[in-house]
Structures are given as C-alpha cells and as structure tokens.
Amino acid sequence: MCVYWVGVAALLGVLCAPARGQCTTEWLDGWATPALTNGGSFNGVVRAMHVYDPDGSGPLGERLLVAGQFDNIEGTIARGIAEWDGARWTTLVQNVAVLNLDSVCVFNGEIVVGGQFSLGTGVLNVARWSGTAWQPFASGLPGRVRALAVWNGQLFAAGDFFNAGGDPSGDGIARWDGTQWRALGTGLVGPGGAQLTVRALLVTPAALVVGGDFATAGGLDSPDVASWDGAAWHAMPGLASAGGRVNALANHSGSVYAGGILPNGSAVASWDGDAGSWTILPSQASGELFTLASLGGVLYAGGNLTAVNGVPLPTRLAKWDANAFTHAADTGPLLVFPLQQPLALAPYAGRLVVGGLNVGYRATGGTELQLRSCLLEYDGAEWLTFAKGLDGAALDFEQWGEDLVLAGPFRMAGGRRVNGVTRWDGATFRGMGQGLFSNTTSATGEIVSDLHAGPDGRLYAAGQFAATDGGSFLGGVAVWDGTAWRRTVQSPSGNPSGQMYDFATFEGALFVTGNGAVSGSVRGILRYTGLAWESTGWVLSTGPRCIEPVDGVLLAGSYQWSGSAWPFVPGSPQNIVQLRRVNGSDYALCEGGFPASSSCVAERRDGAWVPLGSGFTTTLTNSLSGSLDTYRGDLLAARAFNVAGMPTARVARYDGVGWRALPGDPSAQPPGDLSQTPRASSTFVDADGVLWVSGVFRDAGGRPSPYLARYRASPAPVFVDQPADAGGCAGDTAMFTASASDGAALRWRRNGVALSEGQILPGGGVATGVSTATLTITAPGPADSGTIDCVATTDCGSARSVAAMLAVTDCCDPDFNQDGSVDQFDVLCLVLLVGGDTTCSPRDADYNRDGNVDQSDIATLVQVVAGGPCP
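Residues numbered from 1 in each chain as written. Predicted model: local features only at pLDDT ≥ 70, side-chain atom pairs only at ≥ 80, totals over all residues. Heavy atoms only, no water.

Asks: Any chance you could explain the sheet that holds strand S57 (residues 601-605) here in plain terms?
Replies: The strands that make up a sheet pair up through hydrogen bonds in the backbone, lying either parallel or antiparallel. Strand order in the open sheet formed by four strands is S55-S56-S57-S58, and the pairing between neighbours is antiparallel. Pairing within the sheet leaves two strands with one partner each, and these edge strands are strand S55 (576-582) and strand S58 (608-611). Averaged over all pairs of adjacent strands, the angle between their axes in this sheet comes to 30 degrees, without regard to strand direction. (Pairing = 2+ DSSP bridges. Helix = DSSP H or I, 4+ residues; strand = E, 2+ residues; numbered from the N terminus. Axes fitted to C-alpha atoms, helices over the stretch in contact; angles between N-to-C directions.)

Asks: Just to check I follow, could you spell out the nonpolar core for this structure?
Replies: Membership of the largest hydrophobic core comes to 28 residues, with the highest contact counts inside it found for Leu 579, Val 601, Trp 609, Phe 616, Leu 635, Phe 641 and Trp 659. Those elements that place two or more of their residues in this core are S55, strand S56 (585-590), S57, strand S61 (634-643) and strand S62 (646-654). (Core = buried A, V, L, I, M, F, W, Y, C linked by side-chain atoms within 4.5 Å. Buried < 20%, exposed > 50% of the residue type's maximum accessible area, 1.4 Å probe, protein only.)

Asks: Help me understand the pattern of salt bridges, please; the structure alone is not making it clear to me.
Replies: Enumeration according to the criterion identifies 28 salt bridges in this entry. In this structure, the salt-bridge partner of Glu 83 is Arg 63, at a minimum N-O distance of 3.1 Å. Separated by 20 residues along the polypeptide, Glu 83 in strand S7 (residues 81-84) and Arg 63 in strand S4 (residues 63-69) bring together distant segments of the chain. By the burial criterion, Glu 83 is buried, and Arg 63 matches it. Across the salt bridge formed by Lys 388 and Glu 377, the nearest N and O atoms sit 3.6 Å from each other. Placement of Lys 388 in the loop between strand S36 (383-385) and strand S37 (396-400) and of Glu 377 in strand S35 (residues 368-378) is noted, with a sequence separation of eleven residues between them. Under the relative-accessibility criterion, Lys 388 is labelled partly exposed at 28%. Salt bridges sharing partners connect three or more residues here, namely Asp 634, Arg 653, Asp 655 and Arg 660. (Salt bridge = Lys/Arg side-chain N within 4 Å of Asp/Glu carboxyl O.)

Asks: Just to check I follow, could you spell out the state of the cysteines for this structure?
Replies: By definition, a disulfide is the covalent link that joins the sulfur atoms of two cysteine residues. Summed over all chains, the structure comprises four disulfides. In this model, Cys 829 is linked to Cys 840 through a disulfide, with the two sulfur atoms separated by 2.0 Å. Across the S-S bond linking Cys 829 and Cys 840, the dihedral sits near 90 degrees, which makes this disulfide right-handed. Of the two residues, Cys 829 sits in helix H2 (residues 824-834) while Cys 840 sits in the loop between H2 and helix H3 (855-865), which places them eleven residues apart along the sequence. Look at Cys 829 and you get buried, because its relative accessible area is 2%. Residue Cys 600 stays outside any disulfide, its sulfur separated by 6.0 Å from that of Cys 590, the closest cysteine. (Disulfide = S-S within 2.5 Å.)

Put into structure tokens, the structure is as follows:
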C-alpha cells in the first residue's frame with residue numbers, strides 16, 4: 001500500500017500540540033456621557049452639592065458630592081448621590097430608595113444626606129454613610145430635610161420638619177448631640193404661627209446663619225433670616241416682604257449675602273454686620289433665585305431667572321460685579337448652558353459647578369433643545385459638561401492626519417458642544433468649527449452618516465445638514481476646509497440635499513448615495529467631478545445605504561455600476577447595508593440573510609456572494625447602524641445580531657469557522673435611550689491595536705461606556721508549523737498536521753468550510769480529528785481533492801494556516817496517457833515510464849503499488865486493459 005506524503009513536519013513527527021501562552025483581553029475605561037436620568041429618562045435633578053477633602057492635606061484631592069433625584073449619573077448607576085474625584089464618578093451602595101435628596105455634607109468623616117428617602121424602615125429624611133452602609137440618626141426627623149451644615153463641630157439639619165427630638169421648639173432646624181436631635185433655644189416660629197421652612201444654612205466664623213420662610217428666631221422678630229451663635233439667636237431683620245423667603249445664603253467679599261424673594265421684587269441683599277442692616281442690591285428679578293455662590297471675587301446667582309433689572313439671562317445665571325447684575329456667560333452658537341432652573345452652585349477646582357433641572361444647549365437659530373445632563377462646570381468663559389464622552393452614537397470613524405474623526409447623531413464630546421462631528425487628538429475630543437447642524441430637532445436621528453477622504457485629499461461628510469459656520473445652507477454633503485465645514489459647490493441648489501448615506505471613490509471620482517437630490521431633479525446616487533454633481537442614472541427617491549468598490553467593480557448595495565447604469569447583481573439580497581474590503585477580501589452585511597442562507601454576512605468569491613456561517617441574522621431594519629472590520633484575525637460585524645447558540649450580540653466575530661460574541665459585548669440601553677435597541681454602529685482599529693466601538697449601549701465588559709467603548713486584546717495566535725500538501729491514490733489515508741501558539745483551539749477546514757467530526761466527504765473519505773493536532777482523512781476519493789487549512793482561535797483572535805492541497809488520484813485508472821481511450825498506447829506509455837521516460841504521463845509507474853517499478857507493473861496494466869480487476 002502506498003503511503004501519503006504529508007510534508008517535512010509530519011516526517012519529523014511534529015504535531016499540532018498548542019503551546020501554552022498568554023491571551024489577555026480588556027475593555028478600557030470608557031468615557032461618560034452627559035446624562036443625568038431618573039427612571040430611565042432625562043428628568044434627573046441635582047438639588048445640592050458639597051466639596052470636601054477626604055484626607056485634609058494628604059495626597060488626595062478635593063471631592064465633589066452631588067445629591068438630588070436621579071438613578072444614573074453620566075453612565076454610572078447612582079441612586080440620588082454620587083462623588084466626583086476629578087476624573088470619574090463613584091457611588092455608594094444601592095440600598096436607598098430615594099424620593100428626594102435635598103442636602104449633603106460631611107460630618108465626622110461620614111457623608112450625611114437629607115431629604116426624603118427610605119432605608120427599608122420607613123421615611124427617615126436624614127442618614128449617614130458609615131463607609132459600608134447607610135445608618136439612621138436615631139428615629140430621624142419628622143419632615144423633609146432641605147439643608148445640612150457642620151458648624152462649631154456640630155451637625156445641623158434644617159427643613160420642613162417639626163418637633164425635632166420631641167421638642168415643640170424643634171421646628172425647622174435642629175442639632176445632633178450624638179444621641180438625639182435637639183432644638184436650638186426656643187427655636188423658630190412661622191409667619192402667623194403657620195408651618196415654617198428653613199431652606200438655607202451658612203457657616204461663618206461667628207455664627208450659623210439660617211434662611212428660609214419664618215417670622216421669629218428665639219422670640220426675636222427676624223423674618224426669613226437669623227443667626228445662631230451656639231447659645232442664642234440673633235435677629236437679622238430687614239428682608240420681610242409679602243410672600244417673601246430666603247432660598248440661598250453665601251459668603252462673598254467678607255459679607256453675608258442672601259437671595260430669594262426679597263422686598264420690592266429684588267433677589268439679592270448683603271448684610272452689613274457693623275450696621276446691623278441689609279442692603280438690597282439692584283436686582284429686580286423676573287423669576288425666582290434659588291442658589292448663590294462666590295468664586296474668584298464674583299458672586300453668582302442662579303434659579304428660574306429670565307432677567308435681572310431688565311437684562312436677559314438666557315443661561316438663567318447672573319453675576320454681580322459690585323455695581324450691577326449682568327449675564328454670567330456669552331451665548332454663542334456652540335454654548336452649553338442651563339435652561340430652566342439652576343438649583344445648586346458650588347466652587348470646585350477653580351470652576352463654578354452648576355446643577356439643577358433641565359440643563360441644556362442652544363441650537364442654531366435659537367431653537368432650544370434639552371441636553372442630556374443636569375450638571376455643568378463654568379470657568380468664566382466656557383461651559384463644559386463633567387462627562388467628556390459622546391451623547392449619541394458615532395456612525396463612522398475616519399483617520400485624518402494625526403487625528404481620529406468621529407461623526408454621528410451626537411451633540412456633545414469632550415464636554416463641549418460639537419454638533420455631530422468631533423476629532424480625537426490622542427488626549428481629548430475637540431470640535432471642528434461649529435460642527436454640522438442637523439436640519440431636524442431630533443437628537444437621536446442618524447444625521448452625520450459617513451466620513452470619507454476624497455480623491456482630492458479633502459475630508460467629506462455625508463448626512464442631513466441645515467447650516468454650518470456662518471449659517472450657510474449645506475444640504476447632504478459638506479467638505480472640511482481646515483477651519484469650517486462648507487458646501488462642495490457655491491450654489492446651494494448644486495449641492496446634494498436631503499439625507500445622504502455613504503461615499504466611495506471610484507475611478508478618480510467621488511460617489512455618494514442617499515435620498516438627496518441636486519437642483520431638485522437628480523436623485524439617489526450622485527457623482528462629483530470636483531466641479532459639479534451629476535446623475536449616475538439612478539433616479540429613485542432613495543439610493544442604497546452603502547457604496548463601495550468591491551472585487552474591482554463599484555457596488556451600491558445590490559447594484560453594480562456599469563459606467564452608465566446600475567443593474568442588479570444576481571444572487572444579492574435587496575437590503576445590503578454595509579460593504580467593506582478588508583485584508584484583501586470583500587464582505588457585505590445585509591438585513592435578514594443572503595439568498596438561501598440564514599447568514600447576514602457574506603464574502604465575495606469569484607464574483608458571487610458566499611454566506612459566512614449560519615444562524616446569524618440582524619435584529620434591526622432600515623438603519624444606517626452597522627459596520628464590517630477585522631481585529632486580531634477575526635472578521636468583525638457591528639450591529640445588533642441574533643446568533644444561534646449565544647445571546648444577542650452587538651459585536652460579533654467570525655474566525656473562519658463560526659460566529660461568536662466579543663468578550664464583554666456592549667450591553668443595555670444608555671441612560672435616557674431606553675426605547676432604542678442596543679446596538680453597535682461602527683468600529684475602528686487604531687495604530688495602537690485598540691478597537692473602538694460606538695453605538696447605542698451602556699456598558700462594555702462591565703465598564704460604564706455609554707455610546708463609545710474601547711477594547712484591547714493581545715495578539716492573535718500564530719502557526720508555528722504549517723500543514724503541507726498531501727497527495728496519493730484513492731483509498732489511502734491522508735494526514736495533515738500543524739502547530740499553533742497561545743493554547744489556541746483548532747479547527748480544520750476543507751475549501752474554506754469547517755469540517756465536522758466523522759464527516760463523510762464528497763468522494764467518500766471520512767474526516768476525523770477535525771479539532772485536534774492532526775487531521776486524518778480515511779479512504780478519500782478523487783472528489784475529495786481540495787484545499788485544507790487549520791484555524792487557530794483564542795479569546796484574543798484567530799489565525800489561519802496556509803492552505804495545503806489534498807490531491808487524490810484514481811491510481812487504478814488504466815488510461816495512462818490520458819487520451820480518453822484505454823488501449824495498447826496506454827501500455828506503451830507505461831513501458832516508457834518503467835524505462836525512465838516520463839514524457840507521455842506524469843503518473844507513478846508503480847501501477848500495482850507493490851513498492852517496485854518493474855515488469856510486473858506492465859503485466860498488471862495489460863490485465864486491467866483486457867478487463868481484469870484493479871490492483
């Protein structure tokens with residue numbers, strides 16, 4: 001019997017025993033998104049803030065505590081309270097069912113909160129954080145706690161409660177003595193004996209100043225504001241007004257300032273301690289002041305203020321310059337600013353932090369849209385969000401010089417308003433001019449859909465735009481001139497209008513597809529020559545969602561450019577949404593599956609689409625979301641997928657054998673986007689080998705990463721030894737071996753299709769060891785000939801061995817000279833072969849397969865030609 005030759009590796013006995021190696025994968029810290037939500041929607045509220053240093057003069061910096069009514073702060077799950085350390089948010093354990101948190105402070109090294117909440121034992125209104133759990137203060141306080149302060153080593157609480165500690169004098173304010181709540185002297189009394197409210201506490205060196213809605217303090221007439229020196233109350237009269245109240249107190253320039261509803265419709269007053277009187281500042285307010293703060297010699301006032309002294313306050317924030325109140329910030333087209341009610345101000349890290357209700361931004365033309373945050377910081381010139389990530393998905397990435405440019409239906413990046421397009425410079429996200437304004441007020445519509453480096457070396461954007469720098473009309477295509485986004489042609493009607501989807505460069509021209517038109521008549525797929533846009537023959541209202549040079553031709557979805565028209569490509573589905581050429585191969589992603597296939601991804605081979613894997617379908621329709629890429633040897637598909645045998649995946653990877661999810665696949669809806677299907681929209685691999693993933697999701701690998709995440713894996717395995725060609729006669733056993741690094745799992749394939757254990761091949765051969773070091777094919781026939789390769793897979797990625805050839809010959813065939821006839825000339829040919837002349841046939845002269853080439857081979861052939869049995 002003949003023995004197959006299997007290459008040097010096999011002859012040396014080298015088997016495919018995987019070497020143990022290190023495969024590490026990780027999701028990097030994600031960027032938070034500017035979102036403060038409650039119940040999954042954008043109705044979170046910040047009501048109080050407190051700055052403290054956890055280790056005094058130690059190495060740790062100051063921390064900012066934020067309290068209010070929310071369940072997620074910028075991507076971090078937080079129930080009513082969170083702490084900012086200068087870089088990220090952390091939260092306390094989630095055992096508090098928050099109704100409202102109105103106040104926060106630090107007392108004896110513990111965080112104390114006040115408001116209305118439950119610890120599972122009823123509403124307590126005030127509690128402390130022990131470091132591991134929330135603890136009540138005795139039986140709590142019988143009413144809402146609106147303000148907390150630590151003065152003279154004691155904790156004070158104020159609000160709407162009464163009879164604190166069971167003392168009838170304990171209305172509105174109380175101090176904690178270490179065991180129970182105590183009244184302050186004879187306490188406060190409300191107007192006409194009615195219920196009183198304390199809304200603000202201010203610590204000064206000499207006393208604790210108290211502001212709110214009350215008539216007397218310690219029996220002294222002191223409407224709405226008074227001070228406590230530790231033993232007695234002191235009156236601070238002069239702010240009484242009908243329906244008046246003090247909402248805020250602040251130390252500024254050595255004096256006490258009070259804000260709220262004050263006499264004569266004013267909003268702010270200052271206390272002259274020497275004269276014992278108030279000075280009402282010129283602050284006629286439209287709306288109500290809720291908060292005050294002093295920073296850098298400037299007094300800031302915020303609230304539901306639309307104007308002060310007739311000066312409009314579009315940011316609802318004013319500043320006192322020692323002579324008059326003015327608007328606290330400019331309102332340019334990229335401004336981010338509070339819209340309705342700043343409820344809390346706090347100086348932190350040299351900036352003014354603004355928290356409240358409905359913080360937002362202004363779109364071009366003055367249209368106001370709600371921003372997905374209720375927390376901003378202001379440095380005196382620019383508004384920034386704490387979160388430096390995106391507030392929507394990026395639909396495309398494009399490397400542009402040293403920067404990575406992202407585009408999509410987002411408004412914010414890097415803490416700034418960027419309007420749908422931003423560049424990452426390696427350290428932060430920055431704007432590009434004034435961005436690309438949408439012609440719709442939707443903050444979640446797919447606006448900027450594609451970026452493309454054109455044949456002229458300029459950066460183009462496709463989408464649906466209303467205006468750009470200077471307010472000029474753009475339409476569906478814009479070009480970056482280095483400082484601003486501009487039309488591609490001077491005339492607005494000559495630029496594509498409507499929603500454009502995707503670009504491609506082909507034969508030196510720029511093509512774009514979408515539902516836009518030029519001059520109101522040419523629609524669908526357009527071509528740009530550098531001077532003007534022109535029709536390509538597609539005149540339907542909506543063009544395909546993708547266009548790409550594939551396999552040497554230009555494809556737009558399921559249609560191929562002939563040079564003058566777009567005929568349908570046979571065998572294509574009608575709904576291709578992504579085309580991509582990667583690593584020398586062409587791939588397509590479609591909604592649903594390719595004809596006669598349950599796979600939504602296919603590879604272009606010999607002019608036809610060959611589906612990859614099975615049981616792999618999309619769960620989205622009619623969306624621009626989705627991409628194809630490669631990472632660590634795997635083909636990546638980004639979208640929302642149903643994958644047989646595993647949970648729904650946002651990013652699926654194909655190693656040549658089957659589909660699987662990326663470890664730690666992005667999951668769940670981001671805050672405020674609960675109505676959207678979690679999905680991945682686009683991917684990009686940077687020069688450092690980091691995979692960027694953007695889409696509508698909240699977490700990646702367990703890390704908060706709303707809308708944008710980064711993934712890093714060590715290199716994919718490599719083959720140490722490759723399989724070699726094998727060939728021989730039908731019926732003889734064939735073996736292929738190889739070896740790979742990193743403890744990779746192995747799978748052998750024939751003609752690019754994974755083999756299954758015990759599979760019977762077309763020629764009758766049986767494949768075994770398909771997931772082991774050595775592939776064995778028993779009793780193959782000529783029809784089993786083809787390419788054989790091995791796929792090595794780890795969690796990091798995959799590698800494919802070289803393709804070896806399996807060549808099976810029917811050695812019994814008596815037609816030795818391969819002329820189609822069996823006759824004496826075949827015998828003559830073998831005689832020549834036995835004699836050493838190989839010109840008539842390349843076949844093996846050992847016809848009877850006894851290991852020798854001699855006269856017996858000729859005799860055997862003569863018998864077979866005469867009708868005898870095969871040897």
